[in-house]
Amino acid sequence: MLTDALEASKSNSLISQYSEMLGKAILRQRALIAERAARVEAELANKVKSEFIANMSHELRTPLNTIIGFSKLLSEHQHRRLKDENIVEYANLIQDAASHLLSIINDILDISKIQSGKYALDRQELSIEEVLRATLSGFRLAAEEAGVQLEYAIEPSLQLIPGDAVKIRQVISNLISNAIKFTHEGGKVTVEAFRLADGSVAVRVRDTGIGMSEDEIRIALTPFGQVDGTRSRWREGTGLGLPIAKALVELHGGRLDIRSVKNEGTEVTITLPGNHHLAMAEARETALGTRL
Ligand SMILES: Nc1ncnc2c1ncn2[C@@H]1O[C@H](COP(=O)(O)OP(=O)(O)O)[C@@H](O)[C@H]1O
Ligand SMILES: [Mg+2]
């Protein structure tokens with residue numbers, strides 16, 4: 001009897017020793033994993049930061065050099081007469097470069113406003129169909145020049161939704177511009193808008209372009225992150241478009257989802273809540289500002 005009790009207490013204490021050891025091992029392992037994850041995050045942040053500085057200097061310098069170079073040529077007009085058509089051409093180049101600079105600066109201001117939670121939406125009843133038609137017509141020429149087919153399918157009589165038309169247009173423009181930018185000549189970009197069962201409206205931009213891996217999608221959604229952040233990358237940009245687009249959609253109480261297959265294409269879907277989600281979206285609005 002006594003030996004049984006002794007045996008039982010011995011095995012109990014062994015079990016508790018083992019479980020303590022196991023517990024400690026699990027904790028050690030968890031700490032190790034957390035440490036590794038933090039290191040990877042920090043390395044990624046550092047990489048993004050230094051690539052950002054290199055890209056940004058390049059992004060700012062290119063249009064500035066255009067402005068300085070061509071305005072210098074114009075200012076020498078009295079010494080070296082320029083043809084009328086050259087004057088117009090140089091003035092247009094200066095105007096393009098200056099607008100590009102302005103859009104970069106606006107992006108930087110947008111992202112910092114969003115990050116500090118100070119971004120305000122001007123919410124009204126908006127027609128996704130109208131926003132889409134206006135946005136698409138602005139991209140016809142760019143698509144043609146890139147040799148990319150631009151198609152759209154908008155579900156008839158989509159309901160109005162609460163939203164900021166200027167910001168939603170900014171989001172959709174960005175997605176279409178990316179789709180055209182990262183699709184080779186001969187490819188296709190399709191824009192669809194449709195209603196979901198819960199009363200939300202979805203806009204999907206699909207392309208047959210270069211695509212992204214899961215890791216690349218993560219980088220693309222990081223502010224200033226660009227998948228191929230080296231100077232030799234084949235398309236210009238600041239890497240702010242997607243993070244801003246995602247934040248703007250989330251401020252509306254919606255979502256932005258990316259599905260992509262390398263060398264096959266990308267599909268970005270934004271979902272915007274209908275009227276009955278408005279109260280919820282407004283409640284989240286204040287909270288979201290600081291999340292980026
Ligand atoms: N449709 C797409 N197909 C492939 N890559 C894309 C697509 N959209 C975005 N990306 C990748 O994500 C990066 C970030 O996009 P974005 O934030 O719009 O910045 P930017 O257009 O200024 O480079 C791009 O540089 C590109 O590498
Ligand atoms: Mg972009």
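Above this text sits the structure in question.
Residues numbered from 1 in each chain as written. Chains lettered and ligands numbered in written order. Predicted model: local features only at pLDDT ≥ 70, side-chain atom pairs only at ≥ 80, totals over all residues. Heavy atoms only, no water.

With respect to the sheet that holds strand β5 (residues 201-207)
Our working rule: Two strands make a pair as long as DSSP finds a minimum of two bridges between them. A run of H or I in DSSP becomes a helix once it reaches four residues, and a run of E becomes a strand once it reaches two; helices and strands are each numbered from the N terminus. As a rule, the C-alpha atoms of each element are fitted with a line to give its axis, helices using only the stretch in contact, and angles between N-to-C directions run from 0 to 180 degrees. Should any heavy atoms of two residues lie within 4.5 Å, those residues are counted as being in contact.
Within the open sheet, the five strands sit side by side as β2-β4-β5-β7-β6. Their pairing is mixed. In this open sheet, the two edge strands, each paired with only one partner strand, are β2 (149-154) and β6 (255-261). Neighbour-to-neighbour, the strand axes of the sheet open up by a mean angle of 10°, direction not taken into account. As paired strands, β6 and strand β7 (residues 265-272) are joined by seven bridges and run antiparallel to one another. In the strand pairing of β7, Leu-256 is matched with Ile-270. Packed on one face of the sheet, helix α3 (residues 128-146) meets β2, β4 (188-195), β5 and β7 and runs near 170° to β2.

What about helix α6 (residues 241-251)?
Going by this rule: Each residue is placed in one exposure class: buried if its accessible area under a 1.4 Å probe, protein chains only, is under 20% of its type's maximum, exposed if it is over 50%, and partly exposed if it falls in between.
Burial runs high along α6: ten of the eleven residues are buried. Gly-241, Leu-242, Pro-243, Ile-244, Ala-245, Ala-247, Leu-248, Val-249, Glu-250 and Leu-251 are the residues of α6 that are buried. In the segment just after α6, Gly-253 is the residue with positive phi, at about 85°.

Side note on the environment of Phe-194
Within the fold, Phe-194 resides in strand β4. The spatial distance from the C-alpha of Phe-194 to the C-alpha of Thr-271 is 9.6 Å, given a sequence separation of 77 residues. Those residues in contact with Phe-194, other than ones at most four positions away along the chain, are Glu-155, Leu-158, Ser-200, Val-201, Ala-202 and Arg-204.

What about the pattern of salt bridges?
Note the cut-off: One side-chain nitrogen of Lys or Arg within 4 Å of one carboxyl oxygen of Asp or Glu is enough to make a salt bridge.
Under the criterion given, the structure shown has 15 salt bridges. Salt-bridge contacts for Lys-188 lead to Glu-151; the nearest nitrogen and oxygen are separated by 3.6 Å. With Lys-188 in strand β4 and Glu-151 in strand β2, the pair connects residues that are 37 residues apart, well separated along the chain. With a relative accessible area of 31%, Glu-151 lands in the partly exposed category. Across the salt bridge formed by Arg-218 and Asp-215, the nearest N and O atoms sit 3.8 Å from each other. With Arg-218 and Asp-215 both in helix α5 (residues 214-220), this residue pair falls three residues apart, about one helical turn. Taking the relative accessible area as the measure of exposure, Asp-215 reaches 47% and is therefore partly exposed. Residues participating in the shared-partner salt-bridge network are Glu-41, Asp-215 and Arg-218.

Points about unusual backbone geometry
Non-glycine residue Ser-157 carries a positive phi angle of around 40°. Structurally, Ser-157 is set in the loop between β2 and β3 (161-163). By relative accessible area, which is 62% here, Ser-157 ends up exposed. Of note in the backbone geometry, Asn-263 takes a positive phi value of approximately 60° without being a glycine. By the element assignment, Asn-263 lies in the loop between β6 and β7. On the accessibility criterion, Asn-263 (65% relative accessible area) is exposed.

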